[in-house]
Amino acid sequence: MSLVCLTDFQVLARQKLSKIIWDFIEGGADEEITRDDNVAAFKRIRLRPRYLRDMSEVDIRTTIQGEEISAPICIAPTAMHCYIWPDGEMSTARAAQAANICFITSTFASCTLEDIVATAPRGLRWLQLYVQLDWEINKYIVRRAESLGFKALVITVDVPITGKRRNDMRNHLDLQKKMKIKYPGSPEEKNFTSEAQPTHFNASFCWDHLSRMQSITKLPIILKGILTKEDAELAVKHKVQGIIVSNHGGRQLDEVPSSIDALVEVVTAVKGKIEVYMDGGVRTGNDVLKALALGAKCIFLGRPVLWGLACKGEHGVEEVLNILKTEFHSSMTLIGCRSVAEINRDLIQLSKLSLL
Ligand SMILES: Cc1cc2nc3c(=O)[nH]c(=O)nc-3n(C[C@H](O)[C@H](O)[C@H](O)COP(=O)(O)O)c2cc1C
């Protein structure tokens, strides 16, 4: 079967993976309303193309936190790639490096940070952090990330506890039993459990603790999981460097807005003071275009990267990224934008977007 779009990879990945792992990847929380709406909401938005412009050259490059990337398409943090492909995050990191985009490594990566960096030393990498109760561990991870050349710290804010994922419960998924996760760089190389185990999330982490994090690192701090104008304003007030509008792929609180719907509210509140990114439901080049038109600096891909990994390892991830880049290039050409800087809200039909 030729794989020509991201959902082709989804179909093939399902055949390649065991039911338990497939359910783990695809699952959302509760009734999976937000998971599905992440994709559906993009499809409610209509575009306004402009013609008779010289479209012989189109440049899809951009920057995030001052670093150039080949396209506004990067990789969201997802746990435990070794479930999906033998050398896990190492394959993902090589594909990201080849594509010249950013790979956010998860707290629950199944390879060590050292191995990930050694296999893709030139790749742009950010580290996602579930802030731990034990500040010695937080400090140790931050130091390790800094010395390994991670360029930003992504603090996930939407997991004080894990969402209820019904299929994982039905499957009696016990990730701890299946694989010992080495929390990247903890002093004792403690074995931590996966994100399926709520005991290792810090439900007490709050805005007041951010300054403590800022006092232990000079790395830019990006908050992942912001969905409202109130929290966006607080993020700016607390001097973080960026926000990823995200609902964790619909895996946490169900029935929150889709990411693309929440993006407008957050971008408006931030007033251009910090960069805003988004993830959730991006499956086509048009989706990327819509996210940028509504104010995202770049998008991050979650599940589609795992589908690529499941199908063909590193080469599958490369293909997924290349397909999306090519589609985005076509979308820009067809709508009349020669550079990412030319993408703006005029490309969106406002009557179709209830929030504007
Ligand atoms: C299998 C899986 C594991 C995930 N693990 C993490 C994680 O460790 N840390 C995190 O911040 N987000 C995690 N996420 C959420 C993603 O970073 C991202 O928000 C989401 O997948 C984006 O939606 P999409 O899958 O529709 O692209 C995970 C998502 C999936 C599907």
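Source: prediction; values computed, not measured. (Residues numbered from 1 in each chain as written. Predicted model: local features only at pLDDT ≥ 70, side-chain atom pairs only at ≥ 80, totals over all residues. Heavy atoms only, no water.)

**With respect to the site of the ligand**
Part 1 of the reasoning: Neighbouring residues of the ligand: 25 residues in total, closest Pro77, Ser106, Thr156, Asp279 and Arg283.
Part 2 of the reasoning: At 3.3 Å, a side-chain N or O of His248 approaches a nitrogen atom of the ligand.
Part 3 of the reasoning: Bound to the protein, the ligand loses 99% of the 610 Å² it would expose on its own.
Part 4 of the reasoning: When the residues that make up the shell around the ligand are grouped by side-chain class, the tally is nine nonpolar, ten polar and six charged. (Near = heavy atom within 4 Å. Polar contact = N/O pair within 3.5 Å; in protein donor to acceptor, adjacent residues only side chain to side chain. Areas by Shrake-Rupley, 256 points an atom, 1.4 Å probe, with all protein chains shown as cover. Nonpolar A, V, L, I, M, F, W, Y, C, P; charged D, E, K, R; others polar.)

**Remarks on the pairing of strand S11 (residues 275–279)**
Part 1 of the reasoning: Here S11 lies mainly inside the structure; five of its five residues are buried.
Part 2 of the reasoning: By the alternation rule, side chains of S11 split into Glu275, Tyr277 and Asp279 and Val276 and Met278, which are all buried.
Part 3 of the reasoning: By the bridge criterion, four bridges tie strand S10 (residues 242–245) to S11 in an arrangement that is parallel. Bridge pairing in S11 places Ile244 opposite Tyr277.
Part 4 of the reasoning: Handedness of the crossover joining S10 and S11 through helix H11 (residues 259–270): right-handed.
Part 5 of the reasoning: Two elements, S11 and strand S12 (residues 299–301), share two bridges in a ladder whose sense is parallel. Note that in S12 the partner of Asp279 across the bridge is Phe300. (Buried < 20%, exposed > 50% of the residue type's maximum accessible area, 1.4 Å probe, protein only. Helix = DSSP H or I, 4+ residues; strand = E, 2+ residues; numbered from the N terminus. Pairing = 2+ DSSP bridges. Right-handed = clockwise from strand over helix to strand, strands pointing away.)

**Here we look at the packing of aromatic side chains**
Part 1 of the reasoning: In the structure shown here, the tally under the stated rule is seven aromatic pairs.
Part 2 of the reasoning: Centroid distance Phe24 to Tyr83: 6.4 Å. Interplanar angle 80 degrees. Geometry classified as edge-to-face. Placement of the pair is Phe24 in helix H2 (residues 19–26) and Tyr83 in the loop between strand S3 (73–75) and helix H4 (88–99), with a sequence separation of 59 residues. Assigned by exposure class, Phe24 and Tyr83 land together as buried.
Part 3 of the reasoning: Ring geometry for Tyr277 versus Phe300: centroids 5.9 Å apart, planes at 90 degrees, classification edge-to-face. Placement of the pair is Tyr277 in strand S11 and Phe300 in strand S12, with a sequence separation of 23 residues. (Phe/Tyr/Trp six-rings, centres within 6.5 Å; stacked < 30°, edge-to-face > 60°.)

**A few points about the side chain of Asp287**
Part 1 of the reasoning: Considering the arrangement of structural elements, one finds Asp287 in helix H12 (residues 285–293).
Part 2 of the reasoning: Within the structure, Asp287 has its side chain in polar contact with the backbone nitrogen of Arg283 (distance 2.8 Å).
Part 3 of the reasoning: Excluding residues within four positions of it along the chain, Asp287 makes contact with Phe42, Lys43, Gly281 and Val282. (Contact = heavy atoms within 4.5 Å.)

**Some details on H12**
Side chains that are three or four residues apart share a direction in an α-helix, a result of its 3.6 residues per turn.
Part 1 of the reasoning: Along H12, eight of the nine residues are buried, which leaves the element largely enclosed by surrounding structure.
Part 2 of the reasoning: Among all positions of H12, only Gly285, Asp287, Val288, Leu289, Lys290, Ala291, Leu292 and Ala293 are buried.
Part 3 of the reasoning: The inward-facing, buried residues of H12 abut helix H3 (33–43), S3, H11, S11, S12 and helix H13 (303–335).
Part 4 of the reasoning: Taken from the residues just after H12, Gly295 is the one with a positive phi, measuring 110 degrees.

**Thoughts on the environment of Ser91**
Part 1 of the reasoning: Within the element layout of this structure, Ser91 appears in helix H4.
Part 2 of the reasoning: Once the C-alpha coordinates of Ser91 and Leu127 are considered, the two residues, 36 residues apart in sequence, prove to be 17 Å apart.
Part 3 of the reasoning: Ignoring any residue separated from it by four or fewer positions in sequence, one finds Ser91 in contact with Trp85, Leu309, Gly313 and Glu314.

**A short note on the pairing of strand S6 (residues 153–156)**
Part 1 of the reasoning: Side chains of S6 alternate between two faces, with Leu153 and Ile155 and Val154 and Thr156 buried alike.
Part 2 of the reasoning: In the sheet, strand S5 (residues 124–129) pairs with S6 via three bridges, with the strands oriented parallel. Its bridge partner being in S6, Leu129 is matched across the sheet by Ile155.
Part 3 of the reasoning: Chirality of the crossover, the property in question, places the unit of S5, helix H6 (residues 135–147) and S6 among those that are right-handed.
Part 4 of the reasoning: Where S6 meets strand S9 (residues 221–226), four bridges bridge the pair, whose relative direction is parallel. Considered in S9, the bridge of Val154 is made with Ile222.

**Brief notes about the pattern of salt bridges**
Part 1 of the reasoning: Tallied over the full model, the rule gives 15 salt bridges.
Part 2 of the reasoning: Between Arg44 and Asp261 there is a salt bridge; the shortest N-O distance is 3.5 Å. In this pair, Arg44 is assigned in the loop between H3 and strand S1 (62–64) and Asp261 in helix H11, connecting sequence segments 217 residues apart.
Part 3 of the reasoning: Overall, Asp261 belongs to the buried group, its relative accessible area being 18%.
Part 4 of the reasoning: For the salt bridge of Arg94 with Glu314, the shortest nitrogen-to-oxygen distance reads 2.8 Å. Separated by 220 residues along the polypeptide, Arg94 in helix H4 and Glu314 in helix H13 bring together distant segments of the chain.
Part 5 of the reasoning: We classify Arg94 as partly exposed; its relative accessible area is 22%.
Part 6 of the reasoning: Take Glu314: its relative accessible area is 19%, and that puts it in the buried class.
Part 7 of the reasoning: Members of the salt-bridge network, linked through shared partners, are Glu32, Arg35 and Asp36. (Salt bridge = Lys/Arg side-chain N within 4 Å of Asp/Glu carboxyl O.)

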